[in-house]
Amino acid sequence: MRKIRYRSITVSAILAAIAILTILLGILWEGIPPALLRAAFLLSGGFLLLLAGLGERQKRQWQRDFANQICMTADALMDGRETEIDGFYEESQVGKVKGKLLQCYDRMGEGQRQSRQDMQTIQELVSDISHQVKTPVANIKMFTNILQNHQLSDAKREEFLTTISQQTEKLDFLMQS
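As the structure is a computational prediction, the values presented were derived from the model and not from experiment. Along each chain, residue indices are assigned from 1 in the same order as the chain's sequence is written. Only residues with pLDDT of at least 70 are given local features in this predicted model, and only at 80 or more are side-chain atom pairs given and counted; all residues enter the totals for whole chains, interfaces and linings. Just so you know, side-chain values use all the structure's heavy atoms and leave hydrogens and water out.

Once that is clear, we can look at the environment of Ser 165. Secondary structure elements follow DSSP: runs of H or I no shorter than four residues count as helices, runs of E no shorter than two count as strands, and numbering proceeds from the N terminus. Looking at where Ser 165 falls in the secondary structure, it is placed in helix α4 (residues 154-176). Throughout this description, buried means an accessible area under 20% of the type-specific maximum (1.4 Å probe, protein chains only), exposed means over 50%, and partly exposed covers the range between. Residue Ser 165 is classed as partly exposed on the basis of its relative accessible area of 38%. Remark: the alpha-carbon pair of Ser 165 and Ile 140, spanning 25 residues in sequence, is separated by 8.5 Å.

Encoded structure:
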């Protein structure tokens, strides 16, 4: 970044010198031979074109450097190498973009943590529901089997049917919930 500022200052100084020379040429217009004026205009025009070309080259180099730094930051974040990222606190365009990339990375990480937590909650809920359903189903099977395979008194039969009914209501409650 310092190179760009240094070159910009140099370019500004050269442009100021050309402006001063142009003013002097205007003042001394009558005393300068036409061939020398033409040569001076030709040289200053060529010099301005050279400066414009150098400025464009400098701008392209800065854009390449900017893009490379942002790509390196994005690659480091994608690879989980957050500690390799430096300069995000700088007051520069690269620093600002790096800061935003780090904010996005942090938000995505928080989203992933929340997703993992939600997934764990769902797994615990399914496990709990499965456990709560297994008990009534096992009881219903057991009491049905007893009723089918054993001779029981009417009172005992009524007690087992009541238990089966209660377990069925428990299952219904779980399903409704």
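Structure's up, so let's keep going.
Our next topic: the packing of aromatic side chains. Stacked, tilted and edge-to-face are the three classes assigned to paired rings of Phe, Tyr and Trp, where Trp is represented by its six-membered ring and a pair needs centres within 6.5 Å; plane angles under 30 degrees give stacked, over 60 edge-to-face, the rest tilted. The tally for this structure, following the rule as stated, stands at 2 aromatic pairs. The interplanar angle of 20° and the centroid separation of 5.2 Å between the aromatic rings of Trp 62 and Phe 66 together place this pair among those described as stacked. Taken as a pair, Trp 62 and Phe 66 lie in helix α2 (residues 34-78) at a separation of 4 residues, close to a single helical turn. Judged by its relative accessible area of 22%, Phe 66 falls in the partly exposed class.

Criterion for a salt bridge: a side-chain nitrogen of Lys or Arg within 4 Å of a carboxyl oxygen of Asp or Glu. The full count for this structure, using the stated rule, is 4 salt bridges. Across the pair Glu 56 and Arg 60 runs a salt bridge whose closest N-O atoms are separated by 3.7 Å. Residue Glu 56 and its partner Arg 60 are both found in helix α2; the two are separated by 4 residues, about one turn of the helix. Two residues, Arg 113 and Glu 110, come together in a salt bridge whose shortest N-O distance is 3.2 Å. Separated by 3 residues within a single helix, Arg 113 and Glu 110 lie in helix α3 (residues 93-149), roughly one turn from each other. You can call Glu 110 partly exposed: its relative accessible area is 41%. Taken together, the salt bridges that share partners define one network made up of Glu 56, Lys 59 and Arg 60.

Further remarks concern α4. What a helix is expected to span follows from its residue count: subtract one and scale by 1.5 Å. Its 23 residues place the ends of α4 33 Å apart at the C-alpha level, agreeing with the 33 Å of an ideal helix rising 1.5 Å per residue. Within the sequence span of α4, burial applies to Phe 160, Thr 163, Ile 164, Gln 167, Leu 171 and Leu 174. Any two residues whose heavy atoms approach within 4.5 Å are treated as being in contact. Its buried side turned inward, α4 meets α3.

What follows concerns the packing of α2 against α3. One way to put it is that α2 packs onto α3 with a least axis distance of 10 Å and a crossing angle of 20°. As judged from the angle between their axes, α2 and α3 are roughly parallel. Judged by the twist between their axes, the crossing of α2 over α3 is right-handed. Across from Trp 62, Phe 66, Gln 69, Ile 70, Thr 73, Ala 74 and Leu 77 in α2, the residues of α3 making contact are Gln 93, Val 94, Val 97, Lys 98, Leu 101, Leu 102 and Tyr 105. Split by residue class, the contact of α2 with α3 holds 10 nonpolar, 3 polar and 1 charged. With axes taken as lines fitted to C-alpha atoms, and helix axes fitted only over the stretch in contact, angles between N-to-C directions fall between 0 and 180 degrees. For classification, angles of less than 35 degrees are called roughly parallel, those exceeding 145 degrees roughly antiparallel, those between 65 and 115 degrees roughly perpendicular, and all remaining angles oblique. Crossings are assigned a handedness: left-handed for a near helix turned anticlockwise from the far helix by less than a right angle, right-handed for a clockwise turn. Classification used: nonpolar for Ala, Val, Leu, Ile, Met, Phe, Trp, Tyr, Cys and Pro, charged for Asp, Glu, Lys and Arg, polar for all others including Gly.

A word on a nonpolar patch on the surface. Two joining distances apply to patches: 9 Å for like charges and 5 Å for nonpolar side chains (Val, Leu, Ile, Met, Phe, Trp, Tyr), and every residue must have over 30% relative accessible area and no salt bridge. To measure how exposed things are, a 1.4 Å probe is used in the Shrake-Rupley method; for residues, cover is taken only from the protein chains shown. A cluster of nonpolar side chains, namely Ile 20, Leu 21, Ile 23, Leu 24, Ile 27 and Leu 28, defines an oily patch on the protein surface of about 620 Å² accessible area. Structurally, Ile 27 can be placed in helix α1 (residues 2-27).

As a further point, take the environment of Thr 144. Within the secondary structure layout, Thr 144 lies in helix α3. Residue classification places Thr 144 among the partly exposed positions, given a relative accessible area of 27%. The spatial distance from the C-alpha of Thr 144 to the C-alpha of Ile 164 is 7.7 Å, given a sequence separation of 20 residues.

A few words now on the confidence of the model for the protein chain. Scored by pLDDT, the protein chain comes out at a mean of 81, with 89% of its residues at no less than 70. Here pLDDT means the predictor's own confidence in every residue, given as a number from 0 to 100. Mean pLDDT values for the elements of the protein chain range from 67 in α1 up to 88 in α4. Considering only residues more than four positions removed or in separate chains, one finds that residues 1-6, a stretch of pLDDT under 50, has 4 contacts.

On to α3, then. Over its 57 residues, α3 extends 83 Å from the first C-alpha to the last, a length consistent with the 84 Å expected when each residue adds 1.5 Å. Among all positions in α3, only Val 94, Gly 95, Lys 98, Gly 99, Leu 102, Gly 109, Val 133, Pro 136, Phe 143 and Leu 147 are buried.

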